[in-house]
Amino acid sequence: MNRAVPRKIVAGFGLGIAILVANALIDYRSFVTLTEATDAVQDGLRARDLLKEIRSAVSSSEAGQRNYILTADTNYLENSLKILKSTKHPMSELLERVGDADEIDKTKQLESLIDARTAQFEGALNDVQAGRKAAALRAMTNSESKRILNSTDDLFERFAELQAGLFEHRTEDLQKSSRRALTTFYVATFCGLILLGLVYYLVYRDIEERRRAEDRLRVVATHDPLTALPNRTLLHEQLSHALASAQRYDRKMAVLLIDLDRFKNVNDTLGHEAGDLVLQTAAQRISDCLRDTDTMARQGGDEFVVLMDDLADLAPVAGVSQRILNAISGPMIVEGQEFHLTASIGISVYPQDGRTLLKNADIALYRAKEKGKNNYQFYSAQFDNYSVERLLLEAGLRRALDRDEFTLHYQPKVDIASGQITGMEALIRWQHPDLGWISPARFIPLAEESGLILPIGAWVLKAACVQNRAWQKQGLRRMRIAVNLSPRQFVVASLPQDIGAALKDSGLDATDLELEITESMAMNNPEQTVGMLRQLKGMGAHVSIDDFGTGYSSLAYIKRLPVDSVKVDRSFVEDLPGDRDSVAITKAVINMAHSLRLRVVAEGVETEAQLRFLHGEGCDEMQGHFFSEARTPVEIPALMRRSLRFGSPIFLAERRRRVS
């Protein structure tokens, strides 16, 4: 036997085995490397999802806190605490998933901040349950709470940046390992092209799958999964680029913040799946209204954002906004049901509105909602202060009754001829815990607009009746307490029953109650006004027309009203006796009222000259700082017990006391 052949065969076989072993080792090492990289990427993705879940929970808890501040509903506070506690499990899993020292450190910091926030919420809830609502509010809004919240937001941002860097680093490691494996495979191919080619093909295919997976992850990280639109992260990136471009080329740009009106009703009535279909339909309709150069994103929930850059003027902005409103308001059919939605749009423009375009657009959106929805509003700098103040006042109004922040002061009505006090007008005052005393001129219009005037008006009526009855029990002589009725109160059909209940609960006789309505209220619906006033008069209450002379009512109409007195508006009294027009109007009102057998009360009397003129013209009663400003209830008895007469030393002393 030729031994050379076996040796070659053995050598070839050995070489083949070596190639197989080498390729197997290389393949195994590549598999291990790629598996480790894959696990690292998957852990990173799961850690990112967990961080998003935790961040969403924290945001939901803060939203619950804001809703509690606005509504004083403890359900929001309890739900917020429950949400914070639900982060325990995700935090534990996150700690298991992270492997980098910085990640572990930031995870523990985040856990500590959430525990601190949870403790604050538990303390606030205990305060609320113990009746210490003000303490609870301070606990949730003090500097420590804000610090924790700011630290949490900052930590979330830094954590996200750290994860992005680690993800990129791990991807680079994967790519480097793959390149090394390919080089080794090429060397092995010199001895076994077929075997190495197969290995190369398998590795290359795996790498391509990893790259495609990375691309998909990148899309998921920057796009909304429901609508495939850019999400908040990509939106901020695109907005930054657009602002930089607009500044560089001296162009205008606009941000449209679009919110679907009453979208919650869709989820509540049709379910969340139907709500998702509505969002997709709305997104498509909005997209169809845009120019090719516009960018659209979904900010979250039912809010969409449109970036319109490279604008020469603002004309296209209004046109696009109106097209969007028209498109959204068209009928939608979901699951066989047809319904209609509307949208509200807030618009901010660069450079007029500065660089905080999203914030300003949000303020403009709030204004659009206030104006009845289904409209668009451009941002104005005055909206900013207005919105913040309005939110604060409205939230405070909703809690003011529960917290006993309202009080009544009483301004005397004085008989001009005798100087005797004939009655009091109840005037509401609001002691806000943060803003101090707030003028009725600021909060009464807001209460009217928001509908809160009804419970506030009911409280004023009841408190005034109770106070008058209390004075009578102290031995003070009987007098009428005047209560102003708001326009909303006056048109409520149950007003007579509400007044009757207040009188019954307080034990006050109806003849000791005076109800004031303005002349403009009386003119709004004459037939309804006459019917309502007759009911009130039938109960025995005294009825007065306030601000008389400003409503342009005719004598023929006034004589039909079942009223007892009229009050000359202070705008006429303040110019007496020097202004001829005011003199003529005041004389006419006094003569007309007396001809109808009505008493005349002048309000806003502040000087002796005004008082002497009114006395000379036969005016019956007066109110004003010349005699006394509005007083607290405890001051009234001493004032009542004095014998006050026109021109008497006591009357003058009272005036000097007020001036001093």
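As a starting point, this report considers the structure included with it. Remember, predicted model here, so these are calculated numbers, not experimental data.

## Comments concerning the pairing of strand β14 (residues 565-568)
Here comes step 1: Burial along β14 is two-sided: the residues Ser565 and Lys567 and Val566 and Val568 are all buried.
Here comes step 2: Here strand β13 (residues 542-548) runs beside β14; their pairing, made up of three bridges, is parallel. Its bridge partner lying in β14, serine 544 is registered against serine 565.

## Examining the side chain of glutamate 405
Here comes step 1: Within the secondary structure, glutamate 405 sits in the loop between α13 (381-400) and β8 (406-415).
Here comes step 2: Although glutamate 405 lies buried, it forms no salt bridge, and the closest oppositely charged side chain, arginine 403, sits 4.2 Å away as judged by the N-O distance.
Here comes step 3: There is a polar contact of 2.9 Å between the side chain of glutamate 405 and the side chain of tryptophan 430.
Here comes step 4: Dropping the residues within four chain positions of it, glutamate 405 is found in contact with Gly396, Ala400, Arg429, Trp430, Gln431, His432 and Pro433.

## Describing helix α8 (residues 232-248)
Here comes step 1: In this model α8 runs 24 Å from its N-terminal to its C-terminal C-alpha over 17 residues, within 8% of the 24 Å that 1.5 Å per residue would give.
Here comes step 2: Those residues of α8 that sit buried are Leu234, Leu235, Leu239, Ala242, Leu243 and Ala246.
Here comes step 3: N-capping of α8 is provided by asparagine 231, with a side-chain oxygen placed 3.1 Å from the backbone N of threonine 233.
Here comes step 4: Note on α8: the residue one or two positions beyond its end, aspartate 250, has a positive phi of about 55°.

## Concerning the nonpolar core
The tendency in soluble globular proteins is for nonpolar side chains to be buried as a group.
Here comes step 1: Ranked by internal contacts, the top residues of the largest apolar core, which has 77 residues, are Leu397 and Met424.
Here comes step 2: For this core, the element with the most residues is helix α15 (residues 453-473), which contributes seven residues.
Here comes step 3: Excluding residues that lie within four positions of it along the chain, methionine 424 makes contacts with Tyr410, Gln411, Pro412, Trp471, Met479, Arg480, Ile481, Ala482, Ile636 and Met640.
Here comes step 4: Counting residues in hydrophobic clusters, the runner-up holds 34 residues, among them Leu260, Ala274, Met332 and Val349.

## Re the pairing of strand β2 (residues 295-300)
One face of the sheet, then the other: side chains in a regular strand alternate in exactly this way.
Here comes step 1: In this sheet, strand β3 (residues 303-311) lies alongside β2 in antiparallel orientation, the contact comprising five bridges. Among the inter-strand pairings, methionine 296 is bridged to a residue of β3, identified as valine 306.
Here comes step 2: The antiparallel pairing of β2 with β3 creates a hairpin that spans two residues between the two strands, and glycine 301 there sits at a positive phi of about 60°.

## Structural notes on helix α22 (residues 580-595)
Here comes step 1: The first and last C-alpha atoms of α22 sit 22 Å apart over 16 residues, in line with the 22 Å expected at 1.5 Å per residue.
Here comes step 2: Among all positions in α22, only Ser582, Val583, Thr586, Val589, Ile590, Met592 and Ala593 are buried.
Here comes step 3: Taking the backbone nitrogen of aspartate 581 as reference, a side-chain oxygen 3.3 Å away marks aspartate 579 as the first, capping residue of α22.
Here comes step 4: Looking one or two places after α22, you find arginine 597, whose phi comes out positive at around 60°.

## Observations regarding empty space enclosed by the protein
Here comes step 1: Throughout the structure, instances matching the rule amount to five cavities of 30 Å³ or more.
Here comes step 2: In this structure, the largest cavity spans a volume of roughly 80 Å³.
Here comes step 3: Lining the largest cavity are Lys413, Thr422, Gly423, Arg480, Glu514, His542, Ser565, Arg599, Val601 and Glu621.
Here comes step 4: Elements represented by at least two residues in the lining of the largest cavity include exactly β9 (421-432) and β15 (599-602).
Here comes step 5: When its residues are assigned to classes, the lining of the largest cavity shows one nonpolar, four polar and five charged.
Here comes step 6: Of the volumes computed, that of the second largest cavity is approximately 50 Å³.

## Regarding the layout of surface pockets
Here comes step 1: Looking at the second largest pocket, its volume works out to about 810 Å³.
Here comes step 2: Lining the second largest pocket are 37 residues, and of these Glu425, Leu427, Pro440, Ile444 and Asn484 sit closest to its centre.
Here comes step 3: When residues of the lining of the second largest pocket are traced back to their parent elements, those giving at least two are β9, α14 (440-450), α15, β11 (480-484), α16 (487-490), β12 (513-518), α18 (519-524) and β13.
Here comes step 4: Counting residues per element, the lining of the second largest pocket draws most heavily on β9, which supplies five residues.
Here comes step 5: For the lining of the second largest pocket, the class distribution of residues is 15 nonpolar, 12 polar and 10 charged.

## Looking at the packing of aromatic side chains
Here comes step 1: Inspection of the entire model under this criterion finds six aromatic pairs.
Here comes step 2: Ring centres 5.9 Å apart and planes at 50° place the aromatic pair phenylalanine 406 and tryptophan 430 in the tilted group. Placement of the pair is phenylalanine 406 in strand β8 and tryptophan 430 in strand β9, with a sequence separation of 24 residues.
Here comes step 3: For tryptophan 430, a relative accessible area of 0% puts it in the buried group.
Here comes step 4: Here the aromatic cluster, defined as three or more aromatic residues joined through ring pairs, consists of Phe406, Trp430, Phe443 and Trp459.

Definitions and limits used
Residue positions within a chain follow its written sequence, with the count starting from 1. It should be noted that, the model being predicted, local features are given only for residues of pLDDT at least 70 and side-chain atom pairs only at 80 or more, the latter also being counted only at that level, while totals for whole chains, interfaces and linings use all residues. Hydrogens and waters are ignored; side-chain quantities use all the structure's heavy atoms. Partly exposed describes any residue whose relative accessible area lies between the buried limit of under 20% and the exposed limit of over 50%, with all areas from a 1.4 Å probe on protein chains only and scaled to the type maximum. We count a stretch as a helix when DSSP gives it H or I for four or more residues in a row; a strand needs E for two or more, and each element gets its number in order from the N terminus. Two strands pair if DSSP finds at least two bridges between them. Asp and Glu count as negative and Lys and Arg as positive, but His and the ends of the chain are not part of the count. What counts as a salt bridge is simple: a side-chain nitrogen of Lys or Arg found within 4 Å of a carboxyl oxygen of Asp or Glu. Think of a polar contact as two N or O atoms within 3.5 Å of one another; within protein, one of them needs to be a possible hydrogen donor and the other a possible acceptor, and neighboring residues in sequence only count if both atoms come from side chains. In this analysis, two residues are considered to be in contact whenever any of their non-hydrogen atoms come within 4.5 Å of each other. One less than the number of residues in a helix, times 1.5 Å, gives the span that helix is expected to have. Buried Ala, Val, Leu, Ile, Met, Phe, Trp, Tyr and Cys residues that are joined via side-chain atoms within 4.5 Å together make up what is termed a nonpolar core. Method remark: on a 1 Å grid restricted to protein atoms, a set of points is classed as a cavity if a 1.4 Å probe fits but cannot get out and as a pocket if it is open with protein on both sides within 12 Å along at least five of seven lines; lining residues have an atom within 4 Å of a point. Grid points are joined across faces, edges and corners, and a volume is the space filled by probe spheres set on the points. Following the grouping adopted for this structure description, the nonpolar residues are Ala, Val, Leu, Ile, Met, Phe, Trp, Tyr, Cys and Pro, the charged ones are Asp, Glu, Lys and Arg, and the polar ones are all others, Gly among them. Between the rings of Phe, Tyr and Trp (Trp by its six-membered ring), a pair exists once the centres lie within 6.5 Å; its type follows the angle of the planes, with under 30 degrees stacked, over 60 edge-to-face, and the other angles tilted.

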